[in-house]
Amino acid sequence: MNCIPIVIALSQRGVQIHSPQCSACVSGMESTDHMLLKCPFAVEIWNQIWDWCGITPNKFSCLKEMLTYTTMIGQCPKRTTTLLSIISGAIWGIWKERNDRIINNKIHLPGIGV
Ligand SMILES: [Zn+2]
């Protein structure tokens, strides 16, 4: 899962990194799972999405675990596809916000429509 060019993955590829810390919370190392699941910024977004979808929030250790769980609770193919689409959009939004923060110095607050 370290194919996303975040700080830890870039460092492992030999790219010189100024700081390995997450730019959103500055309390964790920027790994894929931290950025997309464990960072307080991401947690707030996921909590809003789970609430919006009527799903009890869960803490996942990795993205694969969240996708597996979503597939199991989908109840039917159409709902599963819808949930996975929502998750894909949220992942894209978190990634885009991270890049805006680092590249453009723009800071957004968590929320639907990030
Ligand atoms: Zn963070």
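Structure's up top.
Conventions used here
Every chain begins its residue count from 1, and numbering advances along the sequence as written. A pLDDT threshold of at least 70 governs which residues receive local features in this predicted model, and a stricter bar of 80 or more applies before side-chain atom pairs are shown or counted, although totals over entire chains, interfaces and linings include all residues. We count a stretch as a helix when DSSP gives it H or I for four or more residues in a row; a strand needs E for two or more, and each element gets its number in order from the N terminus. Taken over C-alpha atoms, the radius of gyration is set against a globule rule of 2.2 Å times the number of residues to the power 0.38. Once C-beta atoms are placed from the backbone, each residue is buried if 20 or more other C-beta atoms lie within 10 Å of its own, exposed if 12 or fewer, and partly exposed for counts between those two. Contact between two residues is assigned when their C-beta atoms, built from the backbone, lie within 7 Å. Nonpolar cores are identified as sets of buried Ala, Val, Leu, Ile, Met, Phe, Trp, Tyr and Cys residues joined via C-beta atoms within 7 Å. Axis definition: a line fit to C-alpha positions, over the contact stretch in the case of helices; interaxial angles, taken between N-to-C directions, run 0 to 180 degrees. Oblique is the label for any angle not covered by the other classes, which are roughly parallel (under 35 degrees), roughly antiparallel (over 145) and roughly perpendicular (65 to 115). Two helices cross in a left-handed way if the nearer one is turned anticlockwise from the farther one by less than a right angle. They cross in a right-handed way if the turn is clockwise. Each residue gets one of three labels, nonpolar for Ala, Val, Leu, Ile, Met, Phe, Trp, Tyr, Cys and Pro, charged for Asp, Glu, Lys and Arg, and polar for the others, Gly among them.

Visitor: I would appreciate a short explanation of the overall build of the protein in the present structure.
Guide: Helices and strands together make up the secondary structure of the protein, namely 5 helices and 0 strands. For the protein, the succession of helices and strands along the chain, N to C, is α-α-α-α-α. For 114 residues, the compact-globule estimate of 2.2 N^0.38 gives 13 Å, and the C-alpha radius of gyration of the protein, at 15 Å, lies within 12% of that figure. Viewed in the frame of its principal axes, the protein has a C-alpha envelope of about 45 × 25 × 20 Å. For the protein, buried positions account for 18% of its 114 residues. Intrachain contacts of the protein at a sequence separation of at least 6 include 39% that bridge at least 24 residues.

Visitor: Honestly, the nonpolar core in this entry has me stumped. Any pointers?
Guide: A general feature of soluble globular proteins is that nonpolar side chains tend to end up buried together. The biggest cluster of nonpolar side chains holds 14 residues, and the ones touching the most others in it are M35, L36, C39, F41, A42, I45 and I94. Elements with a contribution of two residues or more to this core: α2 (32-38), α3 (40-53) and α5 (77-104). Once residues lying within four places of it in the same chain are set aside, the contact partners of L36 are A42, L63, I91 and I94.

Visitor: Hey, could you run me through the environment of N47 in this one?
Guide: In this fold, N47 is placed in helix α3. Separated by 43 residues in the primary sequence, N47 and A90 have C-alpha atoms spaced 11 Å apart.

Visitor: Help me understand the packing of α3 against α5 in this model?
Guide: Packed helix pairs are characterised by how far apart their axes lie and by the angle those axes make with each other. Following both chains from N to C, one finds α3 and α5 inclined at 155°, their axes separated by 11 Å at the closest point. For the element pair α3 / α5, the angle class is roughly antiparallel. Between α3 and α5 lies a crossing whose hand is right-handed. On α5, the residues that touch A42, I45, I49 and C53 of α3 are L83, I86, A90 and I94. Looking at the contact of α3 with α5 residue by residue, the classes come out as 8 nonpolar, no polar and no charged.

Visitor: What exactly am I supposed to notice about the environment of A9 here?
Guide: Relative to the assigned elements, A9 resides in helix α1 (residues 7-12). Exposure remark for A9: the 16 C-beta atoms within 10 Å place this residue in the partly exposed category.

Visitor: Whenever I open this one, the packing of helix α4 (residues 63-73) against α5 confuses me. Can you help?
Guide: In the contact formed by α4 and α5, the axes pass within 8 Å of each other and the chain directions differ by 150°. Considered as vectors, α4 and α5 are oriented roughly antiparallel to each other. The handedness of the crossing between α4 and α5 is right-handed. In this structure, α4 uses L67, T70 and T71 to contact α5, whose residues at the interface are T80, L83, L84 and I87. Here the contact of α4 with α5 is composed, by residue class, of 4 nonpolar, 3 polar and no charged.

Visitor: How should unusual backbone geometry be read in this particular structure?
Guide: Most of the time, phi is negative for any residue but glycine, and the peptide bond is trans. Its identity is not glycine, yet V26 carries a phi of approximately 55°, on the positive side. Relative to the helices and strands, V26 is located in the loop between α1 and α2. The backbone phi angle of N105 is positive, close to 55°, even though this residue is not glycine. Looking at the secondary structure, you find N105 in the segment after α5. By the C-beta count within 10 Å, which is 7 here, N105 ends up exposed.

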